[in-house]
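A closer look at the structure
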Amino acid sequence: MPETTRASNEAQRRSASNEAQRRSVPELLSEAQRRAVHELLRVSPVADELGRRFERAGHELHLVGGSVRDALLGRLGDDLDFTTDALPEETLRIIDGWAESIWTTGQEFGTIGLARRGLRIEVTTFRADAYDRVSRNPIVRFGDNLTDDLRRRDFAVNAMAVSVPGHEFTDPYGGLTDLAAGILRTPGTPEESFADDPLRMLRAARFVSKLGFEVAPEVLAAMTAMAPDLARITAERVRDEFVKLMSGQDPIGGLRLLVETGLAEQFLPELSGLKLEIDEHAQHKDVYEHTLIVVRNAIGHEPDGPDFTLRMAALMHDIGKPATKAVGPDGGVSFHHHEIVGARLTKQRMKALKFPKDVIADVAELVALHLRFYGYGRGEWTDSAVRRYVTDAGPLLNRLHALTRSDVTTRNKRKAAQLAADYDALEERIARIAAEEDLARVRPDLDGNAIMELLNIPPGPLVGQAWRYLKELRLERGPLDHDEAIAELHKWAESEGITPPGSR
């Protein structure tokens, strides 16, 4: 890896801790506490009211975990997590008549859900779970104190609590200091934490993506040593964590962590595989670094917040390159048809991770189409080629625009400007043709009913063949008037040995 790239990567990884170094920890802690007070005041009418109900019943209630962390970061949402010494049945009695709605799907794990004044609240009994360390499934045990409950949580920044209505802050594992420094540590040893639940290693990468934090050195070492333990986790849970990682504010740091620790090898080995060996005779760009840049570029093209389909297509668009790499007689490197191979590999990997079929199809289609644009600037595209481009992309067209533009990572400013201009020209051409034709819904000029009536044939394969012929004609020549479409249908019928009525 070039020294400049290595230096850039290191700078990205240390960004959070550099910020902490520039500002004193007390200053950061005070700022965090001010943010927390502001956030808690917003929800305290409901939280304190609920706390008083538990207090009157002789029980504790604490805002806990991610809710406290987010309050300290100034981003507390409308989903609040609480913990209590009350058993689930007692919690149900306490909230009866006060909650606007109640759900008990998590009751066997100690969690009761409720809604009140636009807030979604979950109240969970103190936990003191035990793990068999073979599966991820814990033996659910209810605890009797807050400190032990906090110790079983994944990271110290998620192991803080605020009592209601008293607003007493509890932080036995230094979460507030870690939050100020942008560091992820575990309340106990990382080896114990990850042995209990290996998914926490993937969650660390997710928090790097979501919060921009770093992992502590001992956490990084444990993740690297214990990466194979992720195999204990079901594909669905791995998938859900990975989607959250990819949907974070900046997934690049999380992706780097997956590769660095070997976690990617456990469920997404294609990502690590992008680190192609570059020999002295066949220099080409670093596909792994290029891919991460494309993901970052794609984020910049999102119109309405995180778009997992676009980000995943950006991540997977070049995964066919390792399998298609070839070195020519002149020492040049080629990756012929890597988009086709990449689309196939994308389907296989996403299927293994149990993604929904429609998401798999959309991501794979974007991978397959991402090179289609190249060559447009040579002036070889007819209006027919433009119609086919739009029709093949279908509802993915805007994402394909974003992916194609994101794929331009060349440092050659002249080349980058030319590619951007070429794509501008293509989009303008699409807009022009769309204004003249209904490009969003390219259909034959005659529908199935008209085809059956004109050829006097029943429903069946012949109707489909005629429909496809007319659609190809529509793509090639644009809209036909009605009489011309009929003449073309009759011409096709005659070539197929079909005699239309009235032509005998």
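Preceding block: the structure.
Throughout what follows, the structure given in this document is the object of discussion. (Residues numbered from 1 in each chain as written. Predicted model: local features only at pLDDT ≥ 70, side-chain atom pairs only at ≥ 80, totals over all residues. Heavy atoms only, no water.)

So, on to the overall build of the protein. When helices and strands are counted, the protein shows 25 helices and 13 strands. Per-residue burial for the protein yields a buried fraction of 49% across its 504 residues. Taking the intrachain contacts of the protein between residues at least 6 apart in sequence as the baseline, contacts between residues at least 24 apart amount to 66%. Taken as a whole, the protein presents about 24,200 Å² of accessible surface, with 50% of it coming from carbon and sulfur. (Helix = DSSP H or I, 4+ residues; strand = E, 2+ residues; numbered from the N terminus. Buried < 20%, exposed > 50% of the residue type's maximum accessible area, 1.4 Å probe, protein only. Contact = heavy atoms within 4.5 Å. Areas by Shrake-Rupley, 256 points an atom, 1.4 Å probe, with all protein chains shown as cover.)

Along the chain, Glu302 falls in the loop between helix H15 (287-300) and helix H16 (308-316). Reaching out from Glu302, the side chain makes a polar contact with the side chain of Arg311 at a distance of 2.7 Å. Discounting chain neighbours no more than four positions away, the residues touching Glu302 are Asp307, Leu310 and Arg311. (Polar contact = N/O pair within 3.5 Å; in protein donor to acceptor, adjacent residues only side chain to side chain.)

As a further point, take the pattern of salt bridges. Summed over all chains, the structure comprises 21 salt bridges. With a closest N to O distance of 3.4 Å, Lys321 and Asp318 form a salt bridge. Using a relative accessible area of 7% as the deciding quantity, one classes Lys321 as buried. Judged by relative accessible area, Asp318 falls into the buried class, the value being 2%. (Salt bridge = Lys/Arg side-chain N within 4 Å of Asp/Glu carboxyl O.)

In this fold, Leu73 is placed in helix H4 (residues 66-73). Accessibility expressed as a relative area gives 21% for Leu73, which makes it partly exposed. A sequence separation of 107 residues divides Leu73 from Ala180, and the C-alpha atoms of the two residues are 9.2 Å apart. Residues contacting Leu73, with those up to four places away along its chain left out, are Arg35, Leu179 and Leu211.

What follows covers the pairing of strand E1 (residues 61-64). Where burial is concerned, the two faces of E1 agree: the one with Leu61 and Leu63 and the one with His62 and Val64 are both buried. As judged from the three bridges shared by E1 and strand E2 (residues 79-84), these two strands associate in the antiparallel manner. Within the sheet, the bridge partner assigned to His62 lies in E2 and is Thr83. Relative to strand E8 (residues 161-163), E1 runs antiparallel, the two sharing three bridges. Residue pairing in the sheet places Val64 in a bridge with Ala161 of E8. (Pairing = 2+ DSSP bridges.)

With that out of the way, let us pick up the packing of aromatic side chains. Taken as a whole and judged by the stated rule, the model has four aromatic pairs. Ring geometry for Phe155 and Phe207: centres 6.0 Å apart, planes at 90 degrees, overall edge-to-face. Of this pair, Phe155 sits in the loop between helix H6 (146-151) and E8 while Phe207 sits in helix H9 (residues 199-211), placing them 52 residues apart in sequence. As far as burial versus exposure is concerned, Phe155 and Phe207 are alike and both buried. Both rings, one in Phe373 and one in Tyr423, keep their centres 4.6 Å apart while their planes meet at 65 degrees; by these two values the pair is edge-to-face. Of this pair, Phe373 sits in the loop between helix H19 (357-369) and helix H20 (383-393) while Tyr423 is found in helix H22 (residues 413-436), placing the two residues 50 residues apart along the sequence. In this arrangement the basic side chain of Arg206 is found over the ring face of Phe207, its NZ or CZ atom lying 4.8 Å from the centre. (Phe/Tyr/Trp six-rings, centres within 6.5 Å; stacked < 30°, edge-to-face > 60°. Lys NZ or Arg CZ within 6 Å of the ring centre and 35° of its normal.)

The next thing to look at is the sheet that holds strand E4 (residues 111-116). The strand order E3-E4-E5-E2-E1-E8-E9 describes an open sheet built from seven strands, whose pairing is mixed. Two strands bound the open sheet, and with one partner strand each, they are strand E3 (101-103) and strand E9 (169-170). Its contacts with the sheet put H4 on E1, E2, E8 and E9, and the angle it makes with E1 is roughly 60 degrees. Against the sheet, helix H5 (residues 88-95) makes contact with E2, E3, E4 and strand E5 (119-125), and its axis sits at roughly 15 degrees relative to E4, the strand it touches most. (Axes fitted to C-alpha atoms, helices over the stretch in contact; angles between N-to-C directions.)

In terms of residue burial, E4 counts as a mostly covered element, since six of its six residues are buried. Both faces of E4 are covered, namely the face carrying Thr111, Gly113 and Ala115 and the face carrying Ile112, Leu114 and Arg116. Bridge count between E3 and E4: three bridges; the pairing is antiparallel. Directly across from Ile102, in E4, lies its bridge partner Leu114. The turn joining E4 and E5, which pair antiparallel and follow one another in sequence, is formed by two residues; a positive phi near 50 degrees is taken by Arg117.

Next up on the list: the packing of helix H11 (residues 235-246) against helix H12 (residues 251-261). With their axes 8 Å apart at the nearest point, H11 and H12 run at an angle of 135 degrees to one another. When the axis of H11 is compared with that of H12, the two are oblique. Contacts from Phe242, Leu245 and Met246 of H11 reach H12 at Pro251, Gly254, Leu255 and Leu258. (Parallel < 35°, antiparallel > 145°, perpendicular 65-115°, else oblique.)

If you trace the backbone, Asp178 turns up in helix H7 (residues 175-181). By relative accessible area, Asp178 is classed as buried at 7%. Setting aside its immediate chain neighbours within four residues, Asp178 contacts Ala156, Val157, Ile183 and Arg185.

Let's shift gears to the environment of Thr324. For Thr324, the location among the structural elements is in helix H17 (residues 321-324). In this structure, the C-alpha to C-alpha distance between Thr324 and Glu339, residues 15 residues apart in sequence, is 9.6 Å.

Where H4 contacts H9, the axes come no closer than 14 Å and their chain directions differ by 25 degrees. In terms of orientation, H4 lies roughly parallel with respect to H9. The chirality of how H4 crosses H9 is right-handed. Between H4 and H9, the contacting residues are Arg69, Asp70 and Leu73 on the first element and Phe207, Lys210 and Leu211 on the second. Split by residue class, the contact of H4 with H9 holds three nonpolar, no polar and three charged. (Left-handed = near helix turned anticlockwise from the far one by under 90°. Nonpolar A, V, L, I, M, F, W, Y, C, P; charged D, E, K, R; others polar.)

Okay, H4 next. Burial runs high along H4: six of the eight residues are buried. Those residues of H4 not exposed but buried are Ser67, Val68, Arg69, Asp70, Ala71 and Leu72. Following H4 by one or two positions, Gly74 has its phi on the positive side, about 80 degrees.

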